Amino acid sequence: MDEHLLIEAAKKDLTQFSRLYDLYFERIFRFVYRRTDDEMVADDLTSQTFLQAMTHLAAYEYRRVSFAAWLYKIAMNEIHQYYRKTKATPLFSLDQHLLETLMEEGGSIVREENLQELTKFLEQLPSHEITMLQLRFFESKSFKEIAYILDMKESAAKMCTYRAIQKLKKHFAQLTGN
Amino acid sequence: MKQHEIKIRKQSLDTERILARKNFTQLMHRYQRTRFRHRMRYATGFSGAVVLLLTIIYFLFQSPAALTSGSPEKVATHTPSPKQTPSMESLRPKDSIQGKQPPVIDSTVELHTEAKKIEKRTPGKSVQTEKDTLAKIRAEVMPAQTQNLDEFLASFIDKPQFFTLDATKDTVLTGSQGTVVEIPANSFMFENGQPDPNKVVFQIQEFYKPSDMVLAGLTTTSNGSPLESGGMVNITASVEEKPVYLKKDKQLTLKFPFKGKKKPMKLFTGEKPASGTVNWLLAQADLTQESPIFQVVEQQPTFEGGMKAFNEYIKNNLSYPVEARRDGIQGKVYIQFVVEPDGSLSNIQILKGIHEACDREAVRLIENSPNWIPGKQGGVPVRVRMAIPVSFILDGEPTSPNENVLTQPRQSTSKKPSTGNTKDADYYYILKSNKLGWVNCDYFLVLTGQKTSLQVPLPEDKKASVVVIFKNYKSVLPANRRSGATLIFDGIPVNEKLVVLGLKLVNEVPMIAFHETSLTQSPAEQLALEFKPTTKKEFNTQLKKLLDTK
């Protein structure tokens, strides 16, 4: 069924929102989980995200971006709010096999110590660049969507991502050089 | 400087664990609740300020006198600050239909009551649709049972016991399994209110053993939270086949025999639908409402073992609400309650709260508290109002599992107390009921530690009744939800001994499938049931052996 119709139906009758919820729950949960690494917190933030979406559903316009991107944006805000309130160090929990693909693409050999190197390196990158990489490679979002989620221009999102990739490449080159 | 932390996860998130957290009904409840709050905030914005001012003025004149002696009722009704009114309302036990707010294990419980309240105050379209969804979801989970199976199972249950009694006199009845029912004189009336039938036929059906509960299609949950049952009875009364009812001002006293450790049993009532499960609700316990409440008495009520033991109880049972922990909320919740002459606690109110979730947790702790030693005035137990602080401290918060609850020995009732001989039962749980019908002596089972969920795929024809029974408690749980052809049981504690039981009937041949198991940590486990044909006789013995022995 067309997503657009689902949204229209949910706007008229909120119980219909359950179908959108079914559709996106897993993705949003994963996304939040990757930023919190705590099942309970992720659970809470995910339902908070959908709650916000339900409350502001009327304000959502289909033309601008996909519904998923809209949800990601809300989730992103919830995550920021969570870290602001708890004053905890923001966290990125990245799947090892995804990192390995990233390394392979960067022309580096996958080894345990390389992975640790990479972790240290990623910790030094600015947070927004990590978020960018996460959205681009781990959530496979388009630049348009990334730009929307992070509230920036599309060209800026592109620029920022390439800059992060360049840094990574340079880092990998150093690793293999050594 | 390190802006963030990177963690590398060796294993990717598995889908089952994520899906176990999906719960739209709960989300819908939460949504309704926030809408309600939102509206309340607008409504109370101005009037709230006025009331606050008035209260302050009132207190300036009243407080010294009112706090030390005099009119305790006044203190009770005016203490809560008006700012907290919306949340206070939701915590005040008398407001809800279910009487005391059930303690929250799964937050759905609380959401249920909340939703009901909204329904009461603002009957509207949105609430109606929300009700519909609930009904739909329930219907989706439930239809697994077949009518035939119900009939087949019912054939094993003990037939109800009939008593003919003279309704103009006080009567004491004892059921074959030891339940004692005390009926005061002139308690019955016809539906139209016409009083005083003389010869009343009283019917009792008792369910103490897990196998009996399974056979009767009974489960032990209240709004999705597990209960441990100390016995269920179905009591009805009739005159010449016409049902009679209990008069409004009359109460039955029910005594449920038990052995072993006493548990904080309360009375739950419910309606049994033709198919599906009973949702047990905590009965209104305002049974001693008329007698006065004392503020100070000669002998103050105490907890068994003193306040030190009570603090210990709080410490061991307090589970820090996630939201509060997340928001870094700590402090003291001042909570007020009445110690009844029988030692039970009632009229639980928050005097000063810190956070909604913490307040709820404090109420839950008091509700689940073991009975106190009642206060005495002139040697007679009386109702006494108490107020205590419950501390929520983030660091060093005790997370040790509650030994009391977890290691309690299972009560054994395998030996039938013989008819009429009350000495066979060590003790009775004594509860009062102001209505007939399905009555359950229960308490909310608080199981600490990690929870996981269990997925049980239904057989191909999808017609089977599947329940999970906790081996160490008398708890029979239905599936929480169903996704496709898979039943999902949520909130199962890790390492808890379970029996997963499936029953079905194929061409009049009973089939049974059971697994004695306990779940290891996450991810959610999947368990395929293997149905094996059996005979009618074997079926019964198998079931009893499986469920009624340790």
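Residues numbered from 1 in each chain as written. Chains lettered and ligands numbered in written order. Predicted model: local features only at pLDDT ≥ 70, side-chain atom pairs only at ≥ 80, totals over all residues. Heavy atoms only, no water.

Colleague: What exactly am I supposed to notice about the overall build of chain A here?
Modeller: The helix and strand tally for chain A stands at nine helices and one strand. For chain A, the succession of helices and strands along the chain, N to C, is α-α-α-α-β-α-α-α-α-α. Here chain A, with 178 residues, has 53% of them falling under the buried criterion. Only carbon and sulfur atoms are counted for the fraction: they give 49% of the accessible area of chain A, which is about 8,600 Å². (Helix = DSSP H or I, 4+ residues; strand = E, 2+ residues; numbered from the N terminus. Buried < 20%, exposed > 50% of the residue type's maximum accessible area, 1.4 Å probe, protein only. Areas by Shrake-Rupley, 256 points an atom, 1.4 Å probe, with all protein chains shown as cover.)

Colleague: Can you help me understand the sheet that holds strand S14 (residues 293-294) of chain B in this one?
Modeller: The strands that make up a sheet pair up through hydrogen bonds in the backbone, lying either parallel or antiparallel. Residue and element names in this part refer to chain B. Read across the sheet, four strands follow the order S14-S21-S16-S17 without closing on themselves; strand pairing throughout is mixed. Each edge of the open sheet carries a strand with a single partner, namely S14 and strand S17 (345-352). Examined bridge by bridge, strand S16 (residues 331-339) and S17 share five bridges and lie antiparallel to one another. Bridging across to S17, Gln336 finds its partner in Gln349. In the packing of helix H11 (residues 356-367) onto the sheet, contacts are made with S16, S17 and strand S21 (383-392), and the angle to S16 comes to roughly 35°. (Pairing = 2+ DSSP bridges. Contact = heavy atoms within 4.5 Å. Axes fitted to C-alpha atoms, helices over the stretch in contact; angles between N-to-C directions.)

Colleague: Honestly, the confidence of the model for chain A in this entry has me stumped. Any pointers?
Modeller: Detailed conclusions should not be drawn from predicted coordinates in areas where pLDDT is low. Predicted confidence across chain A gives a mean pLDDT of 83, with 92% of residues reaching 70 or more. When pLDDT is averaged over each helix and strand of chain A, the minimum, 72, is found for helix H5 (residues 96-105) of chain A and the maximum, 91, for helix H4 (residues 67-86) of chain A. (pLDDT = per-residue confidence, 0-100.)

Colleague: How should I be thinking about the environment of B:Gly331 in this particular structure?
Modeller: All names here are of chain B. Here Gly331 is to be found in strand S16. Residue Gly331 is classed as partly exposed on the basis of its relative accessible area of 25%. Here the alpha-carbon distance between Gly331 and Ile354, two residues 23 residues apart in the chain, equals 6.6 Å. Here Gly331 is in contact with Ile354, Val390, Ser391 and Phe392, once residues within four sequence places are set aside.

Colleague: What should I look at first to understand the interface of chain B and chain A in this one?
Modeller: Quite often, the size of an interface is put as the accessible area lost when its parts meet. Across the boundary between the two partners, chain B contributes 31 residues, which contact 47 residues of chain A. Interface of chain B and chain A: buried area, both sides summed, is about 4,100 Å²; carbon and sulfur atoms make up 60% of it. Taken together, chain B and chain A are joined by three salt bridges. With a closest N to O distance of 3.4 Å, B:Lys22 and A:Asp22 form a salt bridge. Where chain B meets chain A, there are 14 residue pairs in polar contact (both at pLDDT 80 or more). Elements represented by at least two residues in the side of chain B that touches chain A include exactly strand S1 (5-9), helix H1 (15-19), helix H2 (24-68), helix H6 (125-141) and helix H10 (322-326) of chain B. Residue contributions to the side of chain B that touches chain A peak at seven residues, all from H2(B). Class assignment of the residues belonging to the side of chain B that touches chain A gives a composition of 10 nonpolar, eight polar and 13 charged. Here strand S1 (residues 91-95) of chain A runs beside S1(B); their pairing, made up of five bridges, is parallel. Residue A:Asp95 lies in a different strand from S1(B), and its bridge partner there is B:Arg9. (Buried area = accessible area lost by both parts, 1.4 Å probe. Salt bridge = Lys/Arg side-chain N within 4 Å of Asp/Glu carboxyl O. Polar contact = N/O pair within 3.5 Å; in protein donor to acceptor, adjacent residues only side chain to side chain. Nonpolar A, V, L, I, M, F, W, Y, C, P; charged D, E, K, R; others polar.)

Colleague: So what exactly am I meant to see when it comes to the sheet that holds strand S24 (residues 451-457) of chain B here?
Modeller: Residues and elements named next belong to chain B. Strand order in this open sheet of four strands is S27-S28-S24-S31, and the pairing throughout is mixed. At either margin of the open sheet sits one strand with a lone partner, and together these are strand S27 (481-483) and strand S31 (525-526). Relative to S31, S24 is paired through two bridges, and the arrangement is parallel. Its bridge partner lying in S31, Leu454 is registered against Glu525.

Colleague: What exactly am I supposed to notice about the side chain of B:Arg326 here?
Modeller: Residues and elements named next belong to chain B. Mapped onto the fold, Arg326 is located in helix H10. Taking relative accessible area as the criterion, Arg326 reaches 17% and is therefore assigned buried. A polar contact of 3.1 Å, which involves the side chain of Arg326, links it to the side chain of Asp327.

Colleague: Hey, could you run me through the packing of helix H9 (residues 306-317) of chain B against H11(B) in this one?
Modeller: To characterise two packed helices, one gives the angle between the axes of the helices and the distance between these axes. Residue and element names in this part refer to chain B. Here H9 crosses H11 at 125°, and the two axes come no closer than 11 Å. One way to sum up the angle between H9 and H11 is to call them oblique. Between H9 and H11 lies a crossing of right-handed hand. Seen from H9, the contacting residues are Phe310, Tyr313, Ile314 and Asn317; seen from H11, they are Glu361, Arg364, Leu365 and Ile366. The class makeup of the residues in the contact of H9 with H11 is five nonpolar, one polar and two charged. (Parallel < 35°, antiparallel > 145°, perpendicular 65-115°, else oblique. Left-handed = near helix turned anticlockwise from the far one by under 90°.)

Colleague: What's the story with the packing of aromatic side chains in this structure? I'm lost.
Modeller: To describe a pair of aromatic rings, one takes the distance between the centres and the angle between the planes. For the coordinates displayed, the defined rule picks out 24 aromatic pairs over all chains. Here B:Phe310 and B:Tyr313 contribute two aromatic rings whose centre-to-centre distance is 5.9 Å and whose plane-to-plane angle is 35°, an arrangement assigned as tilted. Highlighted residues: B:Phe310 and B:Tyr313, both in helix H9, separated by three residues, approximately one helical turn. Overall, the relative accessible area of 1% leaves B:Phe310 in the buried class. Here the aromatic residues A:Phe17, A:Tyr21, A:Phe25, A:Phe29, A:Tyr33, A:Phe50 and B:Phe24 are joined through ring pairs into a cluster of three or more. Lying over the aromatic face of A:Phe92, A:Arg35 brings its terminal NZ or CZ to 4.0 Å of the ring centre. (Phe/Tyr/Trp six-rings, centres within 6.5 Å; stacked < 30°, edge-to-face > 60°. Lys NZ or Arg CZ within 6 Å of the ring centre and 35° of its normal.)

Colleague: Explain the nonpolar core to me, please; I cannot follow it from the model alone.
Modeller: The nonpolar side chains of a soluble globular protein tend to be buried, and buried together. Membership of the largest hydrophobic core comes to 54 residues, with the highest contact counts inside it found for B:Phe188, B:Phe202, B:Ile235, B:Phe256, B:Phe470 and B:Phe489. In this structure, this core is formed jointly by two domains, domain 2 (157-288 + 409-444) and domain 4 (451-548) of chain B, each of which donates at least three residues. The next biggest cluster of nonpolar side chains, apart from the first, holds 51 residues, and it includes A:Ala68, A:Leu71, A:Tyr148 and A:Ala157. (Core = buried A, V, L, I, M, F, W, Y, C linked by side-chain atoms within 4.5 Å. Domains from an automatic or database assignment.)

Colleague: Can you walk me through unusual backbone geometry in this structure?
Modeller: A positive phi angle, near 60°, is found at A:Lys87, a position not held by glycine. Examined against the element boundaries, A:Lys87 turns out to sit in the loop between H4 and S1. Positive phi, close to 45°, is recorded for B:Asn347, a residue that is not glycine. As for its placement among the helices and strands, B:Asn347 is situated in strand S17. With a relative accessible area of 12%, B:Asn347 lands in the buried category.

Colleague: What should I look at first to understand helix H7 (residues 127-138) of chain A in this one?
Modeller: Side chains three or four residues apart in an α-helix point the same way, a direct result of the helix having 3.6 residues per turn. Residues and elements named next belong to chain A. When the terminal C-alpha atoms of H7 are compared, their 15 Å separation across 12 residues agrees well with the 16 Å that a helix rising 1.5 Å per residue should span. If you check which residues of H7 are buried, you get Glu129, Ile130, Thr131, Met132, Leu133, Gln134, Leu135 and Phe138. Immediately beyond the C-terminal end of H7, within one or two residues, lies Ser140, with a positive phi of roughly 45°. (Expected span 1.5 Å × (residues − 1).)

Colleague: It is not clear to me how the pairing of strand S11 (residues 252-258) of chain B should be interpreted in this structure. Could you clarify?
Modeller: Remark: a regular strand shows side chains that alternate across the two faces of the sheet. Residues and elements named next belong to chain B. The buried fraction of S11 amounts to seven of the seven residues, a majority that puts the element mostly inside the structure. Going residue by residue along S11, you find Leu252, Leu254, Phe256 and Phe258 tucked away on one face and Thr253, Lys255 and Pro257 tucked away on the opposite face as well. Both S11 and strand S22 (residues 427-433) contribute to a ladder of seven bridges, which runs antiparallel. Along S22, the bridge assignment pairs Thr253 with Lys432.

Colleague: Would you mind showing me how to read H11(B) here?
Modeller: Residue and element names in this part refer to chain B. Taking 1.5 Å of rise per residue, the 12 residues of H11 would be expected to cover 16 Å, and the 16 Å separating its terminal C-alpha atoms lies within 8% of that figure. Taken across its 12 residues, H11 has 11 buried, putting it largely inside the fold. Turning to H11, its buried residues number three or more, namely Ala357, Cys358, Asp359, Arg360, Glu361, Ala362, Val363, Arg364, Leu365, Ile366 and Glu367.

Colleague: It is not clear to me how the pairing of strand S28 (residues 486-493) of chain B should be interpreted in this structure. Could you clarify?
Modeller: Residues and elements named next belong to chain B. The element S28 is largely enclosed, with a buried count of six among its eight residues. Note that S24 and S28 share six bridges and pair antiparallel. In the strand pairing of S28, Val456 is matched with Leu487. Inspection of the sheet shows S27 paired to S28 by three bridges, in the antiparallel sense. Its bridge partner lying in S28, Arg481 is registered against Ile488. Linkage of S27 to S28, two consecutive antiparallel strands, is achieved through a turn of two residues, within which Gly484 is found at a positive phi near 65°.

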